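Coordinate inspection notes
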Amino acid sequence: MKSHNKGLQDLLLKLFLIVSLFFPAFYSIFDADYLAEYFVGPSAAYMILVLYLSYQLVKLRTMPEGKSFWIFLGIIILYNAVSYYFNVKYLHWYWEQINNTIAFFLLLFLLGYGVQIQDETEKLISFFIKAVTCSNILSLIYFAAGYTSFIICNNHPVFYRATDDIYYYEFRHYWLYSHKSDYSVMLLCFLAVCLCYRKEFKKKYGFWITMAVLGAALVTTHSWTGYVAGVILVAAAVLDCMDMKKLLKSRRGKLAMSLAAASGALAGVIMLSQRDLSTIGDRLPIWRAVAGVLKERPQGLGLRFGEYPILTEKGFTVTNAHNVFLNQMLRFSVPAGIIFTVLILMIAGYCIYKSRTWMSLGLWVGLLLLFNMDYSL
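Residues numbered from 1 in each chain as written. Predicted model: local features only at pLDDT ≥ 70, side-chain atom pairs only at ≥ 80, totals over all residues. Heavy atoms only, no water.

1. Side note on the overall build of the protein chain
Here is the rule: Runs of E in the DSSP output that reach at least two residues are strands. Runs of H or I that reach at least four are helices, and both are numbered from the N terminus. Exposure categories follow from relative accessible area, calculated using a 1.4 Å probe and restricted to protein chains: below 20% of the type maximum is buried, above 50% is exposed, and the middle band is partly exposed. Contacts are assigned to residue pairs that have any heavy atoms within 4.5 Å of one another. All accessible areas in this document rest on Shrake-Rupley with a 1.4 Å probe, and a residue is counted as covered only by the protein chains that are shown.
Helices and strands together make up the secondary structure of the protein chain, namely 14 helices and six strands. Among the 377 residues that make up the protein chain, the fraction classed as buried is 47%. Put simply, 72% of the contacts in the protein chain that link residues at least 6 apart link residues at least 24 apart. With the model as given, the accessible surface of the protein chain reaches about 20,000 Å², and the carbon-plus-sulfur share is 67%.

2. A look at helix 7 (residues 204-221)
Rules: To estimate the expected span of a helix, count its residues, drop one, and scale the result by 1.5 Å.
Over its 18 residues, helix 7 runs 26 Å from end to end, which matches the ideal 26 Å to within 8%, given 1.5 Å per residue. Residues Phe207, Thr210, Met211, Val213, Leu214, Ala217, Leu218, Thr220 and Thr221 constitute the buried set of helix 7. Taken together, the buried residues of helix 7 touch helix 5 (121-144), helix 6 (180-196) and helix 8 (224-241). Two residues or fewer past helix 7, His222 is found with a positive phi of approximately 55°.

3. Some details on the pairing of strand 3 (residues 147-153)
The criterion, for reference: Paired strands, as defined in this entry, are two strands with at least two bridges between them according to DSSP.
Here strand 3 lies mainly inside the structure; seven of its seven residues are buried. Strand direction decides the pairing type here: strand 3 and strand 4 (residues 156-161), joined by six bridges, are antiparallel. What sits directly across from Tyr147, in strand 4, is Arg161.

4. Focus on the pattern of salt bridges
Under the convention used in this document: Here a salt bridge means any side-chain nitrogen of Lys or Arg lying within 4 Å of a carboxyl oxygen belonging to Asp or Glu.
Applying the stated criterion to the full structure yields four salt bridges. Note that Asp282 and Lys314 form a salt bridge whose closest N and O atoms lie 2.8 Å from each other. Residue Asp282 is located in the loop between helix 10 (251-274) and helix 11 (283-296), and its partner Lys314 is located in the loop between strand 5 (310-311) and strand 6 (317-318); the two are separated by 32 residues in the primary sequence. On the accessibility criterion, Asp282 (24% relative accessible area) is partly exposed. The salt bridge partner of Asp374 is Arg283, with a shortest N-O separation of 3.3 Å. One end of the pair, Asp374, is in the segment after helix 14 (358-373); the other, Arg283, is in helix 11, with 91 residues separating them in the sequence.

5. Section: the confidence of the model for the protein chain
The test is simple: Each residue gets a pLDDT score, which is the predictor's confidence in that residue and runs from 0 to 100.
Confidence in the prediction for the protein chain averages 89 pLDDT; 87% of positions are at 70 or higher. Element-level pLDDT for the protein chain is lowest in helix 9 (residues 244-249), with a mean of 64, against a maximum mean of 98 in helix 12 (residues 324-332).

6. Notes on the side chain of Asp374
A relative accessible area of 11% means that Asp374 is categorised as buried. Beyond its immediate sequence surroundings of up to four residues, Asp374 is in contact with His179, Ser181, Arg283, His322, Asn323 and Val324.

7. A closer look at the nonpolar core
We apply this condition: For the purposes of this section, nonpolar cores are sets of buried Ala, Val, Leu, Ile, Met, Phe, Trp, Tyr and Cys residues that join through side-chain atoms within 4.5 Å.
Phe104, Phe190, Leu233, Val290, Ile310, Leu330 and Phe371 are the most contacted members of the largest nonpolar core, which totals 101 residues. Every residue in contact with Phe104, bar those within four places of it in the chain, is listed here: Phe72, Ile76, Phe340, Leu343, Ile344 and Ile347. Among the nonpolar cores identified, the runner-up in size contains six residues, and Ala32, Ile151, Cys153 and Val158 belong to it.

8. Regarding helix 5
For helix 5, built from 24 residues, the straight-helix expectation of 34 Å at 1.5 Å per residue is met to within 8% by its first-to-last C-alpha distance of 35 Å. Regarding helix 5, the residues found buried are Leu124, Ile125, Phe128, Ile129, Ala131, Val132, Thr133, Ser135, Asn136, Ser139 and Tyr142. In the segment just after helix 5, Gly146 is the residue with positive phi, at about 100°.

9. Some details on the packing of helix 4 (residues 95-113) against helix 13 (residues 334-355)
Describing two packed helices takes the angle between their axes plus the distance from one axis to the other. Selection rule: Lines fitted to C-alpha atoms define the axes, with helix axes restricted to the stretch in contact, and inter-axis angles between N-to-C directions lie between 0 and 180 degrees. For classification purposes, angles smaller than 35 degrees are called roughly parallel, those larger than 145 roughly antiparallel, those between 65 and 115 roughly perpendicular, and all remaining angles oblique. Should the near helix be turned anticlockwise from the far one by less than a right angle, the crossing is termed left-handed; should it be turned clockwise, right-handed. Basically, the charged four are Asp, Glu, Lys and Arg, the nonpolar ten are Ala, Val, Leu, Ile, Met, Phe, Trp, Tyr, Cys and Pro, and anything else, Gly included, counts as polar.
At a minimum axis distance of 12 Å, the contact between helix 4 and helix 13 shows a crossing angle of 25°. Looking at the two axes, helix 4 sits roughly parallel to helix 13. Considering only the axes of helix 4 and helix 13, their crossing is left-handed. Judged by residue contacts, Asn100, Phe104, Leu107 and Leu111 of helix 4 engage Phe340, Leu343, Ile344, Ile347 and Tyr350 from helix 13. Taken together, the residues that form the contact of helix 4 with helix 13 break down as eight nonpolar, one polar and no charged.

If you want it as structure tokens, here you go:
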């Protein structure tokens, strides 16, 4: 393999990471201020990702081994067949299917071949962490300046001010994403990368600075589910580093656990003052109302999603299910949503099984919490 070919694949992968973290450009059939986040067409990051995957597939001539790859591929094909059927007959919105398939194929490629780069994996991880840190420092500066979100939709940059969110009674921050829960999901994954690869930091203070930046960014989202997910992730990472028998016997261990319990109780009191947990933050009536819509329209809403009123038993109206999996059913049909859910759960189960660490389990518990509480993926 020629060195310039290796350099090209490194460049494409790093360019994908940079564009994802700094250049949120996409096209939509709608304007930025009306449903664009629900109907994302081509995006700059995904265009580069397609080039990277296409280049790799042409270059690699060996077939991957193992049943997991072929099972996952088979279900991706089934997802596309079902989605295409409902798109042709009812929905007429193909880009979500395309974008989801690209994302699933990236995971499939990693499952079958790993990361194919010229540089050492450690250098790629270091590059990624530095880019994540820079992106989120800019995010905090942007938030401090009074802004909540930045996107580039249909070649038009849009800067959302905090005062534009007149529908919400609380501060919230999205950065390059369409909603605070989206940003929370990304921050949770960034935190997991830093915790998993903390030995890649040359200086300890570099690790703590990055963790502080990501933690502060998570606070700005004002996502209580994100806060809970972050605590679960960090606690799980600590468990991987601790000898629980020694911890429970030592005074420091008992003190640390007491402080953690007190902090959790305080956070719980604050959360109870802002959220009604008896209805899981009004999610239960929303999900029941969505279940009623799914019975009436199992083929999905398609292009009507986002403007189709869903009346709950408590008298308020919503336009989405506040749940990633229910929204897939609501938008793209019950069968397509079920297959999508199976794919996500397969990814979660495979990651936890292969890693067999508390942190992997904690990460997926946190992600699934966010996926089930809002349209966060």
